[in-house]
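Spelled out, the chains give:
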Amino acid sequence: GRSASGGALGSSVAVGLGTKPGFGNSGATGAAGTTGAAAGAAGAAGPSAHLTKKIQKALTLRVDSQTSREGLKCLSGFFDENSVQTRRNLRTTIEGQNLLLHKEFVDSFSKLESHIESLDKLVNALDGACDRAASQLRQSKSDTQPILEKASSLRNESKAIDDKKEVLSHFLAKFRLSENDTQLVRSGDTPLDEEFFCAFERLEQVRKNARQLLNTCGQQTSGVDILHETSEILEASYERMFVWVQQQCRGAKSSVVTKTSTSELDGPPCAVLKRVLVLLIERPVYFNHCVRDISRVRRQTLVTRFFEALSQGDSSGARPIELQACDPVRYVGDMLAWIHQNAAAEREALATLMGRAATSSSAGAGAAEPSPASLLSEAGSTLVSFDDILDFTLEGLAQSFGTRVKQVLESQTSIVVVYKVAQVFSFFARTLQEALKRVDAGLVVTCRDLHSRTYQAFLDMWERQAQRLRQGVAGVYVSELGAPPFVMEAVNTLSEVLSIYEMAPVPAEEREVDFLPVLSAAFDPLLNHCQQVAAMMDPSDAQVFLTNCIAAMQGPLKKHAFTAQRVAMYTSLLDDHVKMLVSSQAAAVLSKLGLAERLQALRAKAPETPLSSVPELHPVSLAATLRSFYNSLFTGGALTLPALERIGNRSLRAEVRSGIAKLVASAYEELYMGVKELDVATHTPDQVRTLLE
C-alpha cells in the first residue's frame, strides 16, 4: 500500500515540477539529468518561453483528480515544513521515500523466498515418497490380482444368490401360505377372529395369484401344484366355518343368531357370523344348511315371542294382546300390528345376515326390491332363496295367527264386526306387502286368504238374512206404511259398513266396482222383499210403503261418491213411484171434489153438443160443485190426504203434494176453459193455482 501511494505521489509531484512521471524506476536519475540539460538549453534560448510553458502546464494541472488527492495525502505524511529549502529538496525527499519502500518490499519477500525454498524441498521429498508408494502399489496389485478376481467372482455370485433369494421370498409370499396362517385356518382350537379372516384372505389371494399364473405366465405345473396344495386347506377352513355356525345354532350359543335390532347385529358376535356367511356363499351346500338352521332357530324364537306378546305382553311394556280377545277387531288388529312390526324387522335382520346373497338375489331377480327366486354361486350351484328363507321364518307366525283368527270368527255373529275384521285383513295385506317387498310373501298370502274368507262370510251373513226375509213374507203386514224395522236395521248396518269402507285404502276409481257386491248382497234381497210385501197392500198404500223403503235405503248411499250408480238407480225408482202416487192421489182428490165427473163429461161431449144439454155440465149443478171446490181450497181440505202424511221423507212428501196440486190445477184449468161460456167459474186458473200452492 505504501508503494502504491509513493508511486502516486511521485507522479503528481513530477507533473508539478515539470518532470516526467516514473522517476521511481531504476533509470530515474538518468532521465532527470537529461531533463535538466534540456531545461538549461531551453533557458538559454529563451527564459520567457520556458516560464510560459511552466505556467501553462501548471494551469492545465488538475488538482481535483483522484490521483492528485492521493498524492497530496501521502505527501502530507512526511512533508512537515513548507519552505524554499524543503521545496527545492522535495524531489530528493520523495525519491528517498521511494527507496525506503523498495527496501521494505525486498526484506518482506526474502522471508517468503525462504519459505518457498523449504516448501520446494518438502514437495521434492513428498514426490519421492509417492514414487516409492506407487512402486509398492504396483507390486501389491500384481501380487493380489488373482485374489481380487476371485473376490469379485464371489461377490457376483453372492449378488445373484441374493436376487434369487429375494425373488423366491416374493414368490413364496404370493404363492404359499405360511405355517402360522395354515394353523389359523385349519385348527379348531382357535376362535374365529380377525386373525382367522386375515389368514383366510391371504389364502384366497394365494389361490388367485396361482390362477393368474396359470392364465398369464403359462406355468402350468407350478400353478396346478399350488392350487392342489391350497385346496385342502381351503376346504378345511370352509368346513370349520360351517361347524362354527352349526354350533351357534344350538344351545345357549343360539342367542347370537336370534338378534334382531341393528345395534345387536352390528355387535362382534354377529359381525363374525355375517362375515362367515359371506364367505360360505362360495360353498352353496354349506351356506344353504347354515341359512336354513339360522332360519329354523329364528322361527322358533319368533313364535315364542309371539306367544309371549299374546299372554304376557312385549318387553316394551305393552299389555298382553289376549286381553283384547273380547273385541275381535282390536284383537286381530293388535296381532297383525305385532306381526307387521316383527316381520319387517325380521326381513332386515335376515338380509343383513345373508349379506351379498340377499342383495345379489334382488339384482338377479331384476326387481327394485329383494324378491329373488334363486341365486347362483360362482361355481354354478343354486343358493337358497332369500324369499324362501324369509317365508319359512315367518311361517310359524302365520300358522299361530290363523288358528286364533279362526277361533274368533267362529264365535262372532255380527255382520259389522265381520266386515271390520275383513277390512283389517285387507289393510294389513297391503301393509305387509310393502314391508316385505313381495306380492307372494307367505304372510301377505295368508292375510289375503283370510280377507277373502272373512269377506265371503260377511256376504253369506247377508244372504242368510235375505233367506229369513223370504221365508217370512206371508206373515208380514205393515200398517204404518213407513220403513219397517228390518229395513231400518239393514240400513243402519250398511251405514256402518259404508263408514268403514270409506277409510279403506282402495283407489277411488276402483271403489264403486269393489263395493258393488256388498250393496247387491245387502239391498237387492231387501228391495225384493219390500216389493213382495207391497204387493199384498192397497195400491195407494203400496206406493207410499215402497217410497219410504227406497228413500230409507237411498239415504246412507248419498253420503258417499262410490255409490253414485246405486243412488241413481234408487232415484229412478223413487221417481216412478212418486209419479204413480201423484197420479193416483190427484185422481182421488178430483173425484172427491166432484171435478173428475164434470171433467170426464166435458171430454166426452161432442163439439156440437151444447154444454147445458149435458147433465153433468148443467150450470146449476156445475156452479154448486165449483163452490164446493172453492170452499175446500180456502179451508185447506182439498189436499188433506192421510196417505201423504205417511211419507217419511219431507222433500218427497213436498214433491208429491206439489205434483198433486199441479195436476188438480191443470184439471181445473181444462174445466174452466171448457165451461167458460157458462160463466159459472168465479176464480181463474192462476188464482186456483196460487191457492193450491
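Right above here is the structure, for reference.
Residues numbered from 1 in each chain as written. Predicted model: local features only at pLDDT ≥ 70, side-chain atom pairs only at ≥ 80, totals over all residues. Heavy atoms only, no water.

1. Let's talk about the overall build of the chain
Short version of the rule: Numbering goes from the N terminus for both helices and strands, where a helix is a DSSP run of H or I of at least four residues and a strand is a run of E of at least two. Think of it in three bands: residues with accessible area under 20% of the maximum for their type are buried, residues over 50% are exposed, and the middle band is partly exposed, with areas taken using a 1.4 Å probe on protein chains only. Whether two residues touch is decided by their heavy atoms; if any such pair falls within 4.5 Å, the residues are in contact. Reported accessibility uses the Shrake-Rupley method at a 1.4 Å probe radius. Residues are deemed covered only where the shown protein chains occlude them.
Summing up its helical and strand segments, the chain has 26 helices and two strands in all. Expressed as a percentage of its 693 residues, the buried residues of the chain come to 39%. Sequence-distant contacts, at least 24 apart, represent 70% of the contacts inside the chain between residues at least 6 apart. Accessible area of the chain: about 38900 Å², with a carbon and sulfur share of 55%.

2. Details of the packing of helix H12 (residues 284–311) against helix H15 (residues 386–410)
Note the threshold: Every axis in this analysis is a line fitted to C-alpha atoms, fitted for helices over the stretch in contact. Angles between the N-to-C directions lie between 0 and 180 degrees. For this classification, under 35 degrees means roughly parallel, over 145 means roughly antiparallel, 65 to 115 means roughly perpendicular, and everything else is oblique. Crossing chirality is assigned from the near helix's rotation relative to the far helix, an anticlockwise turn below a right angle marking it left-handed and a clockwise turn marking it right-handed.
Contact pair H12 / H15: the axes reach a minimum separation of 8 Å and the direction vectors enclose 25°. Regarding the angle of H12 to H15, the classification is roughly parallel. The chirality of how H12 crosses H15 is right-handed. Counted together, Val 291, Arg 292, Ser 295, Arg 296, Arg 298, Arg 299, Leu 302, Val 303, Phe 306, Phe 307 and Leu 310 of H12 and Ile 389, Phe 392, Thr 393, Leu 394, Glu 395, Gly 396, Leu 397, Gln 399, Ser 400, Phe 401 and Arg 404 of H15 form the full contact between these two elements.

3. A word on the pattern of salt bridges
Note the cut-off: Note on definitions: salt bridges are taken to be side-chain nitrogens of Lys or Arg within 4 Å of carboxyl oxygens of Asp or Glu.
On inspection of all chains with the given rule, the structure shows 13 salt bridges. For Glu 235, the salt bridge is made with Arg 283, and the minimal N-O distance between the two is 2.7 Å. One end of the pair, Glu 235, is in helix H9 (residues 220–248); the other, Arg 283, is in the loop between helix H11 (268–280) and H12, with 48 residues separating them in the sequence. According to the relative accessible area criterion, Glu 235 is partly exposed, its value standing at 35%. Arg 283 sits in the partly exposed class, given a relative accessible area of 23%. Salt-bridge contacts for Arg 299 lead to Glu 395; the nearest nitrogen and oxygen are separated by 3.6 Å. Placement of the pair is Arg 299 in helix H12 and Glu 395 in helix H15, with a sequence separation of 96 residues. Given a relative accessible area of 17%, Arg 299 falls into the buried group. Residues joined by salt bridges that share partners form a network here, namely Glu 194, Glu 201 and Arg 275.

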